[in-house]
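Analysis of the macromolecular model
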Amino acid sequence: MKWRSRPPARPAPLAILDRVEAAAPHDRLDASRAVREGCGLADRSERGKLAFTGAGAKTFLQGQVTNDVEALTPGTGCYAALLSPKGKMLGDLRILDTGAELLLDVERSALQAIFNVLHRARVGFDAELHKRTLQSGLLSLIGPDARRVAGPETEALPPEEHANAAAELDGIPARVVATDVGVDLICDAEQTAALAAVLTGRGAHPVPEADAEVLRVERGRPRYGVDLDDTTIPQEAALNERAVSFTKGCYVGQETVARLFYKGKPNRHLRGLRLSAPVDPGTELTLDGKVVGRLGSVVVSPAHGPIGLALVRREAEPGATLAAGEATAVVAELPF
């Protein structure tokens, strides 16, 4: 079963926010300040979305992903990775327990691989897999004012990341989800533009994804398909604490993850890089003439200047200066 890589005709995310901005002419902070001092609004509806229903859904996912899905209760969630049998990442995913279903949010670049694995593996389980990418919109409120903008619907939402609850914003049903930088709202795709209009009317400022990416890099959170790929083991990317349970039962790829955690030392580590100038992602990083990694994300931070993320060999320790094309890159601990 092949995934439809292109959605049917629907307003593009930027087009939605452009129309909303024109229709809500209140004063705005610039995008960079909005996500740091107020509330930015980013349309991330193109992210991959799947859902599991059925009495065996949790049992099935428990044996597929790295985190403890069976420990979830309605209104909670977790971050996890889906691995190959050799412990390499096929993708990462946010799993939300809504009470009625398990909602999975994934990078679009990893959607097909994740769908294929879960679709094949679920045979024999009382678990139905549903496509939700085209059916659902996803709007992110980013910044310290995010909960105020989301309104009273978030008053009962716990502060823990992935906490979620059903809500209604000016008559529009949505699921509100706590994030590390604000609140996400998931709604029917047809109501995305209307919900965006509600949020901008409450003071959210439409921002390009690039400004949200700066915050992500500053916080040292890698992105699958940019910083991570199918050669990455979770521990290399410092994901064990966020994404891996070492007390749950068996899952695909567990042996590699456990062996590396208890007995081994990763050959690579996720590091920050303070760049002397912006450099293209994918640029080789060298130490004393030896290639030790490649740049992943690269952004220009208002606070730190040009910075990036990369998986680099362990000899490239914090404080080391690497060559990055025509620029230099000083290895830094994360977060910046």
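The structure reproduced in this document is the subject of the present report.

The rules behind each value
- Residues numbered from 1 in each chain as written.
- Predicted model: local features only at pLDDT ≥ 70, side-chain atom pairs only at ≥ 80, totals over all residues.
- Heavy atoms only, no water.
- Helix = DSSP H or I, 4+ residues; strand = E, 2+ residues; numbered from the N terminus.
- Contact = heavy atoms within 4.5 Å.
- Buried < 20%, exposed > 50% of the residue type's maximum accessible area, 1.4 Å probe, protein only.
- Polar contact = N/O pair within 3.5 Å; in protein donor to acceptor, adjacent residues only side chain to side chain.
- Core = buried A, V, L, I, M, F, W, Y, C linked by side-chain atoms within 4.5 Å.
- Disulfide = S-S within 2.5 Å.

1. Section: the side chain of His-162
Inspection of the secondary structure assignment puts His-162 in the loop between α5 (146–150) and β8 (164–169). When neighbours within four sequence positions are excluded, His-162 is seen to be in contact with Gly-75, Thr-76, Gly-77, Cys-78, Tyr-79, Arg-94, Leu-96, Val-177 and Ala-178.

2. Comments concerning the side chain of Ser-297
Residue placement: Ser-297 occurs in strand β14 (residues 290–301). What makes Ser-297 buried here is its relative accessible area of 5%. Looking at Ser-297, its side chain comes within polar contact range of the side chain of Arg-216, at 2.6 Å.

3. Some remarks on the nonpolar core
Membership of the largest hydrophobic core comes to 45 residues, with the highest contact counts inside it found for Phe-52, Leu-61, Val-65, Ile-95, Leu-102, Leu-104 and Leu-118. For this core, the elements supplying multiple residues, two or more each, are β2 (48–53), α3 (57–62), β3 (77–83), β4 (89–97), β5 (102–106), α4 (108–121), α7 (209–218) and β15 (305–313). Setting aside anything within four residues of it in sequence, one finds Phe-52 in contact with Ala-57, Phe-60, Leu-61, Glu-101, Leu-102, Leu-104, Leu-118, Arg-122, Ala-127, Glu-128 and Leu-129. Counting residues in each nonpolar core, the second largest holds 23 residues, with Ala-146, Ile-172, Val-198 and Leu-199 among its members.

4. Comments concerning the environment of Thr-73
Mapped onto the elements of the fold, Thr-73 is located in the loop between α3 and β3. In this structure Thr-73 comes out as partly exposed when scored by relative accessible area, which is 42%. Between the C-alpha atom of Thr-73 and that of Gly-99, which follows or precedes it by 26 residues, the distance is 7.4 Å. In contact with Thr-73, other than residues within four places in its own chain, are Lys-58 and Asp-97.

5. Some thoughts on the state of the cysteines
Tallied over the full model, the rule gives zero disulfides. Note on Cys-78: no disulfide assigned, nearest cysteine sulfur contributed by Cys-250 at a separation of 18 Å. According to the relative accessible area criterion, Cys-78 is buried, its value standing at 8%.

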